[in-house]
Every structure is written in C-alpha cells, then in structure tokens.
Amino acid sequence: MNVEVVDANVAPIDANDLAQSVTSESKPASSFTQGDDSSNCASDVVDPKEKSKANKVNLLGMTRKELETYFETIGEKKFRAAQVMKWIHQLGVTDFNEMTNLAGSLREKLSHLAYAAAPEVVHREYSNDGTRKWVFRVGEGAGSLVETVLIPADGRKTLCISSQVGCALDCSFCSTGKQGFQRDLLPAEIIGQLWVANQSYMEDTPVGERTRTVTNVVMMGMGEPLLNFEPVVASMQLMLDDHAYGMSKRRVTLSTSGIVPMIDKLGDQIDVALAISLHAPNDELRNELVPINKKYPLVELMAAARRYVARGAPLSDKSAQHKAVKAKIAQNQVSKDSDDQDDALEPSRKKHVTIEYVMLDGVNDQPHHAKQLIQLLNDLPSKINLIPFNPFPHAPYERSSRNRIMAFQQTLSDAGYVCTVRMTRGDDIDAACGQLVGQVADRTRRAEKWKQKIVEHQQINKSTAEPTSGQRREILRTRGS
Ligand code: SF4
C-alpha cells in the first residue's frame, strides 16, 4: 500500500483532531456568479492559492450549455466552451495560459475571471491490488471530507463517486449513514472526483499523449445521489459529453436507495444506467435495513424501476444491428468485455436495472430470502450484484459466510438471473464498499447517540466487552433515531 498524506494537517489514519464541521448551503448546478468558489465553500480563505480564486468562477463543474452561456456573458463565442472543456476534462489542463488554441487575449481574460479546480485532495492511498482512494476536503472541519474509490477489475477502472457529505438516510448497515448528513456536493466537487482520478494516471504524461483512464463511474459513494439531483445530473451530463469525458451511458450508473419520484425525474432528464440498493426482499426487513422504504415501499419502488426500464427500446435478437455486432465480436473487432458489447449494441439494447444486495449474516441471506427476491424481481429485467458486507466499527451486522453467499447466488442463477458476487477490493486501505468514511471523524448527533447506546449497553451488562452483532441490532431497533 502506498499512502500519501497530501496535507500535513490531516493525519493518515485518525482524523479525530480535525476541527468542527460546518454546514453549507446547497447550490444549483447552474449558478456561476462571480466569487462562487465551487470547490471551497468556506469563506475564510487565507491560502495564497485560494486567494487567487477569490471573485472568480470555477469552470470545472459547468455543463456545456452553462459554459456556452458563460462565454457569451463575457463577450466571447459559444464554441469556446467546447475548446475549454476539452483542455480541462480530456487533457487535465487547468492553466488557461497552456490552452494554446485560445487567443492570447482570451487566455488573459479568463485568468482574471475564472479558474478550474477540483476539490483539494488531503489524503490518497494506492492499494496493492490497484485500488486507489482519495479523501477530498470540501470545506472546513472533519465533517467536510468525502472519499472516492477507484477499483480496477477485468480491464475496467470503475470510480465510485460521492454525491453528498454524509447521508441523511441512515441505512443500518452503512458507515456513511452513521455520520449523518452534512451538505450536498456542488457539481465541481462531484465531477472533480473524476477529474482527479483521471489526472492521477495522466500527470507524468505529456499533454499531447494523455488519455482518460477511468472507464466506468458509479454514483454509489457517500450520499443519496437523487437527493442532490441537479448537481448530480449536471455532473453526469459532463461524463457523457463528448467534449468532456465522452463516456457511454451504459458506463455511468446511478445507484439509489429508492427515492421513487426522483427515479422518474431522472428518466426524464438523462439516460444512464440505474442501480437500486435493495438489500431486502420484503418490506418488513427493508424498513429495518433501508429506512426510506417506510416512505417508498417495495411495490412503489419496483413500479418505478419498471418505468425506468420501459424507457429503453427493446432489443430484438433478429435485428440487423445485433447480428452485425455479433459478427464483430466473432472477428475480435469488439472485445469480450460485456460493457464494450453493450456499447456496440447500445441503440437497440434492452435496459435492465442492477440490484445491489449486501449480504448480512443471518439477516437477509437465508434461502427463503432468495426465493422472495426471485418473486419480487419477477417482471423486472435485472441483474443482481451480491455484496459481501464490510464491517465497520460497532457495525450491527457481520458478513455472510462464503458458502451462504454462494448458495444464495446459485438459487438466483438457477432461476435465470445474472447474479454476480462483488469482489471485496482495497481492504488494505479501507476502500471497500461501506467503509468510505472509516477514517473520517464523526461528530454528528446521530453518531453520538449511536455510540452512547453502545456505552449504555456495556454499563448495563457491567462489561467492557463489545456487544455482539445481535445485541447491536437490538440496540439499533431501540435507539429511536
Ligand atoms: S447506503 Fe447510501 S443511502 Fe443508505 S445511508 Fe449509506 S450512503 Fe446513504
């Protein structure tokens, strides 16, 4: 593992001595007023780098449309937007003076009016298995750190991006949920995570030879992306834009815990892949694991998922295009990578939803749960991704055994579902799913209440021993938060 603390003020493991967290207002994707520092919301800026950004506009998080409008407002042609986007997002160049196809006068103007900057990286770790993790500071204090994880597998480099600082939804198996909600991320703070990940592979390469390395994005990090809708959609528009990251819509996935009305709104505004963090096959269990289920129960969630899928054109095996793609695969003109094949088939591809299902020992991993899941997904085109649980301190659950996970997978496969088991990657840097905030200091009332319950339990039992996972689940049920 290669650990680098970029900011000497941030300890590599224990961030408990970081200052008090702050809460900032969320801003719409379209705001680009002078002095809007999208990457740093705290106003008491003394760093010379930050000082140079004062009263300037951050171009990093602007969509093409917003950037075109911006150039018009400063008396320039709209086409400058595409030029600048390519420099920033494709070549990783943020110094306007290096943008050689811009007129000298425009470079000079931009250097006075604007900048392009991702949030500050305060900590980065590269795992032996190729996983990379970054911790970004998006404000002042311990509550203003977010994490991003890059996981390489099967020739892909998949980046898991955060959309909020903390999360309000408090899923009982999730360490981010224990942190509580701090604030929404701005577009520059969301797309900045992708910019930094690509940059980490580019920085030693001459500008003319640079290529983007991240192949897939999942909006599955800290936060519920559909509760930070406009900035998330703006960021995904940049991911899809040929002048920015040019990613296939199949390779950009939004994962939601089930904010039903926003799933429909998402389908109205952008076409990306959808994943649902399901984790339970019935309402009673899901109410416990994913409390938002009490507001949007499974019957409504499954209906919304079906509506989302129905927006895609059905794939016909007999279509000329499908045959042509098959021929290309046979001639090795399209790789065996399923994403590449999906890309080639895209215009006539049938949509599906990815179902995320965390495997919790003795909680949701029994044979009858698998059967209920099959019934629930009956008429929904779906692929199922089983995720071995990654315990975090005081977690009320334990990971299902390998045998249990394999048996669960077999039941689903036998019923005709494509069912994969996610490899746990990056364990040596706390980067695996569910551990995103493992190192981040946790100062919210929710976290304090949770810790207090654990202490009370120990006092009642006159023991310093940690409660068992079963006892922690009981605490969870009675904590009243
Ligand atoms: S699983 Fe997702 S929605 Fe649930 S608390 Fe964690 S970050 Fe929030």
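Keep in mind that what you see is a predicted model, and the values were worked out from it rather than measured.

Criteria and cut-off values
Residues numbered from 1 in each chain as written. Predicted model: local features only at pLDDT ≥ 70, side-chain atom pairs only at ≥ 80, totals over all residues. Helix = DSSP H or I, 4+ residues; strand = E, 2+ residues; numbered from the N terminus. Buried ≥ 20, exposed ≤ 12 C-beta atoms within 10 Å, placed from the backbone. Contact = placed C-beta atoms within 7 Å. Near = placed C-beta within 6 Å. Nonpolar A, V, L, I, M, F, W, Y, C, P; charged D, E, K, R; others polar. Axes fitted to C-alpha atoms, helices over the stretch in contact; angles between N-to-C directions. Parallel < 35°, antiparallel > 145°, perpendicular 65-115°, else oblique. Left-handed = near helix turned anticlockwise from the far one by under 90°. Core = buried A, V, L, I, M, F, W, Y, C linked by C-beta atoms within 7 Å. Pairing = 2+ DSSP bridges. Right-handed = clockwise from strand over helix to strand, strands pointing away. Arc of directions from axis to C-beta.

## As for the overall build of the chain
Stage number 1. In terms of helices and strands, the chain carries 16 helices and 15 strands.
Stage number 2. Considering the chain as a whole, with its 481 residues, one finds that 44% of them fall into the buried category.
Stage number 3. The long-range share in the chain, meaning contacts at least 24 apart out of those at least 6 apart in sequence, stands at 69%.

## A word on the site of the ligand
Stage number 1. As a structural note, the neighbourhood of the ligand is formed by C167, L169, D170, C171, C174, T176, G177, M222, G223, E224, S257 and S277.
Stage number 2. Per-class residue counts for the shell around the ligand are five nonpolar, five polar and two charged.

## Observations concerning the packing of helix α13 (residues 367–376) against helix α14 (residues 402–414)
Stage number 1. Between α13 and α14, the shortest axis-to-axis distance is 10 Å and the interhelical angle comes to 30°. Judged by the angle between their axes, α13 and α14 are roughly parallel. Taken as a pair, α13 and α14 cross one another with a handedness that is right-handed. The segment α13 lies against α14, with P367, A370, L373 and I374 engaging F408, T411 and L412.
Stage number 2. Partitioning the contact of α13 with α14 into residue classes produces six nonpolar, one polar and no charged.

## Things to note about the nonpolar core
Stage number 1. Core analysis: the largest hydrophobic core is formed by 107 residues, its most contacted members being L59, L60, L194 and V217.
Stage number 2. A total of seven residues in this core trace back to one element, the largest contributor, which is helix α6 (residues 187–202).

## Remarks on the pairing of strand β11 (residues 252–256)
Stage number 1. Burial analysis of β11 places four of its five residues in the buried class, which makes it a mostly covered element.
Stage number 2. Of the pairings in the sheet, the one linking strand β10 (residues 216–219) to β11 comprises three bridges and is parallel in character. Note on β11: the bridge partner recorded for V218 is T253.
Stage number 3. Once the chain exits β10 it traverses helix α7 (residues 229–240) before rejoining the sheet at β11, and the crossover so formed is right-handed.
Stage number 4. Inspection of the sheet shows β11 paired to strand β12 (residues 273–277) by four bridges, in the parallel sense. When the bridges of β12 are listed, L254 appears paired with L274.
Stage number 5. Assessed by its sense of winding, the connection that carries the chain from β11 through helix α8 (residues 260–269) to β12 is right-handed.

## A closer look at the pairing of strand β13 (residues 353–359)
Each regular strand shows side chains that alternate between the opposite faces of the sheet.
Stage number 1. Burial within β13 is extensive, with six of its seven residues counted as buried.
Stage number 2. Both β12 and β13 contribute to a ladder of four bridges, which runs parallel. In the sheet register, A275 faces β13, and the bridge partner there is T354.
Stage number 3. Sheet analysis places β13 next to strand β14 (residues 382–388), joined by seven bridges and oriented parallel. Paired with Y357 across the strands is L386, a residue of β14.
Stage number 4. In this fold, the crossover linking β13 to β14 by way of α13 has right-handed handedness.

## Brief notes about α13
Stage number 1. Those residues of α13 lying buried are H369, A370 and L373. One side of α13 carries all its buried residues, which in axial view fall inside an arc of 100°. Exposed side of α13, more than 90 degrees from the buried face: P367, H368 and Q375 are the residues found there.

## A closer look at the environment of C171
Stage number 1. With respect to the helices and strands, C171 occurs in the loop between β8 (164–166) and α5 (175–179).
Stage number 2. Residue C171 is classed as buried on the basis of its C-beta count, with 23 C-beta atoms lying within 10 Å.
Stage number 3. Measuring from C-alpha to C-alpha, the distance between C171 and R286 comes to 9.4 Å, with 115 residues separating the pair along the chain.

## Details of unusual backbone geometry
Stage number 1. The backbone of D154 shows a phi angle near 50°, a positive value even though the residue is not glycine.
Stage number 2. In this fold, D154 is placed in the loop between β6 (145–153) and β7 (156–160).
Stage number 3. Accessibility expressed as a C-beta count within 10 Å gives 10 for D154, which makes it exposed.
Stage number 4. Positive phi values are uncommon outside glycine, yet H279 reaches one of about 70°.
Stage number 5. Locating H279 in the fold gives a position in the loop between β12 and α9 (283–289).

## Overview of the packing of helix α2 (residues 64–73) against helix α3 (residues 80–90)
To describe two helices that pack against each other, one gives the angle between their axes and the distance between the axes.
Stage number 1. Where α2 meets α3, the closest approach of the two axes is 8 Å, and the angle between their N-to-C directions is 120°. Classed by the angle they form, the pair α2 and α3 counts as oblique. Both α2 and α3 take part in a crossing whose hand is right-handed. For the pair α2 and α3, contact is made by R64, L67, E68 and F71 and by R80, A81, A82, V84 and M85, respectively.

## A look at the environment of I292
Stage number 1. Locating I292 in the fold gives a position in the loop between α9 and α10 (298–310).
Stage number 2. Classification of I292 by C-beta neighbours within 10 Å gives buried; the count is 22.
Stage number 3. Separated by 124 residues in the primary sequence, I292 and A168 place their C-alpha atoms 9.8 Å from one another.
Stage number 4. Residue contacts for I292: discarding those within four places in its chain leaves L169, S257, G258 and I259.

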